[in-house]
Amino acid sequence: MATPSKTPPGADPKQLERTGTVREIGSQAVWSLSSCKPGFGVDQLRDDNLETYWQSDGSQPHLVNIQFRRRTTVKMLCIYADYKSDESYTPSKISVRVGNNFHDLHEVRVRKSIPETHTSNLKLSLKSYLMWLSSVCFSWCWCVQQLEMVEPSGWIHVSLLNQRSNEPVRTFMIQIAVLANHQNGRDTHMRQIKVYTPVQESSVGKFPPCTTVDFMMYRTIR
């Protein structure tokens, strides 16, 4: 029986933000967890520090609940996992659920993208790759009900699409469920989770996207 290949890492989400096609909206939501050890909770999951992490403290499945005040368009989740550091605490299977509240959540089929290093017939520059990766319509991807990961070390990009319209989902709530860990571990570690919405183009006029730090400083009115 062939050994499953390791899950390849995706691009750093900050690079995706610089393309101007997506915006991080996790700060607009209320976050809660099914359990956590003291000092290893939501603050660590959202502190932009890859050295800290959420650690669960209970039975599986371990849940991350993300609730918005209004129905929100969500294009992609970025999850950071580090098997080298976390070993048996590293998730091996997750499920993503959406809905209006806890009582009507349903599991969504997620799109898992294939990074450039694993598509031998692609020749893309970094800019072209990032634009491709942040696009709603992936040409090289597959849909799965539950996402399985093999020794991940880096960012995992999970695209959320409405099955009927093929557009990003619109939801009040997202729930990420850790169904299993590597080596049958009980508790889990997640180091960061980011939530992205697509940036809408202005109807007044279309200009090239801001892709450098200098341009990003002046793209909004303070």
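Residues numbered from 1 in each chain as written. Predicted model: local features only at pLDDT ≥ 70, side-chain atom pairs only at ≥ 80, totals over all residues. Heavy atoms only, no water.

### Here's the deal with the pairing of strand β5 (residues 76–82)
Formally: Classification of residues uses two cut-offs on accessible area relative to the type maximum, computed with a 1.4 Å probe and protein chains only: under 20% is buried, over 50% is exposed, and between them is partly exposed. A run of H or I in DSSP counts as a helix once it spans at least four residues, and a run of E counts as a strand once it spans at least two, with each numbered from the N terminus. We call two strands paired when DSSP finds no fewer than two bridges between them.
In terms of burial, β5 is largely enclosed, as seven of its seven residues are buried. In β5, alternate side chains face the same way, and those of Met76, Cys78, Tyr80 and Asp82 on one face and Leu77, Ile79 and Ala81 on the other are all buried. Both β5 and strand β11 (residues 153–160) contribute to a ladder of seven bridges, which runs antiparallel. Bridge assignment links Ala81 to a residue of β11, and that residue is Gly154.

### Re the pattern of salt bridges
We apply this condition: For this document, the term salt bridge refers to a Lys or Arg side-chain nitrogen within 4 Å of an Asp or Glu carboxyl oxygen.
Throughout the structure, instances matching the rule amount to seven salt bridges. For the salt bridge of Glu151 with Lys6, the shortest nitrogen-to-oxygen distance reads 3.4 Å. Remark: Lys6 occurs in the segment before α1 (13–18) and Glu151 occurs in the loop between β10 (147–148) and β11; sequence separation between them is 145 residues. Judged by relative accessible area, Glu151 falls into the partly exposed class, the value being 26%. Its salt-bridge partner being Asp48, residue Lys194 comes within 2.5 Å of it at the nearest N-O pair. Here Asp48 lies in the loop between α2 (42–45) and β3 (54–55) and Lys194 lies in strand β14 (residues 192–198), a separation of 146 residues in the sequence. Under the relative-accessibility criterion, Asp48 is labelled partly exposed at 48%. Bridged by salt links that share partners, the residues Asp57, Arg186 and Asp187 form one connected network.

### Quick notes on the side chain of Thr171
The cut-off we apply is this: Think of a polar contact as two N or O atoms within 3.5 Å of one another; within protein, one of them needs to be a possible hydrogen donor and the other a possible acceptor, and neighboring residues in sequence only count if both atoms come from side chains. Contacts are assigned to residue pairs that have any heavy atoms within 4.5 Å of one another.
Residue placement: Thr171 occurs in strand β12 (residues 169–181). Using a relative accessible area of 2% as the deciding quantity, one classes Thr171 as buried. Among the polar contacts made by the side chain of Thr171, one reaches the main-chain carbonyl oxygen of Gly99 at a distance of 3.0 Å. The contacts of Thr171, once residues within four sequence positions are left out, are Phe68, Arg70, Arg71, Thr72, Val74, Val98 and Gly99.

### With respect to the confidence of the model for the protein chain
What counts is decided by this rule: Values of pLDDT, the confidence the predictor places in each residue, fall between 0 and 100.
Confidence along the protein chain averages 83 in pLDDT terms, with 73% of residues attaining 70 or more. Per-residue pLDDT stays below 50 along residues 114–124; that stretch engages in 14 contacts with residues further than four places along the chain or on separate chains. pLDDT under 50 marks residues 135–142. Its contacts with residues more than four places away, or in other chains, come to 26 contacts.

### Here we look at the side chain of Glu24
Summarising the element assignment, Glu24 is placed in strand β1 (residues 22–24). Judged by its relative accessible area of 19%, Glu24 is buried. Within the structure, the side chain of Glu24 is placed 3.0 Å from the backbone nitrogen of Gly26, a separation counted as a polar contact. Side chain to side chain, Glu24 and Arg46 meet in a polar contact 3.0 Å long. Excluding its chain neighbours within four sequence positions, the residues that come into contact with Glu24 are Glu17, Arg46, Lys194, Val195 and Tyr196.

### Digging into the environment of Ser27
By secondary structure assignment, the location of Ser27 is in the loop between β1 and β2 (29–33). Here the alpha-carbon distance between Ser27 and Phe68, two residues 41 residues apart in the chain, equals 9.6 Å.

### With respect to the packing of aromatic side chains
In this description, a pair of aromatic rings is defined by centroid distance and the angle of the planes. Selection rule: Only the six-membered ring of Trp is used, alongside the rings of Phe and Tyr, when aromatic pairs are assigned; centres must lie within 6.5 Å, and planes under 30 degrees apart are stacked while those over 60 apart are edge-to-face, with the rest tilted.
Applying the stated criterion to the full structure yields two aromatic pairs. Centre to centre, the rings of Tyr80 and Trp155 are 5.2 Å apart; their planes meet at 75 degrees, and the pair counts as edge-to-face. Here the residue Tyr80 occupies a position in strand β5, and Trp155 occupies one in strand β11, the gap between them amounting to 75 residues.

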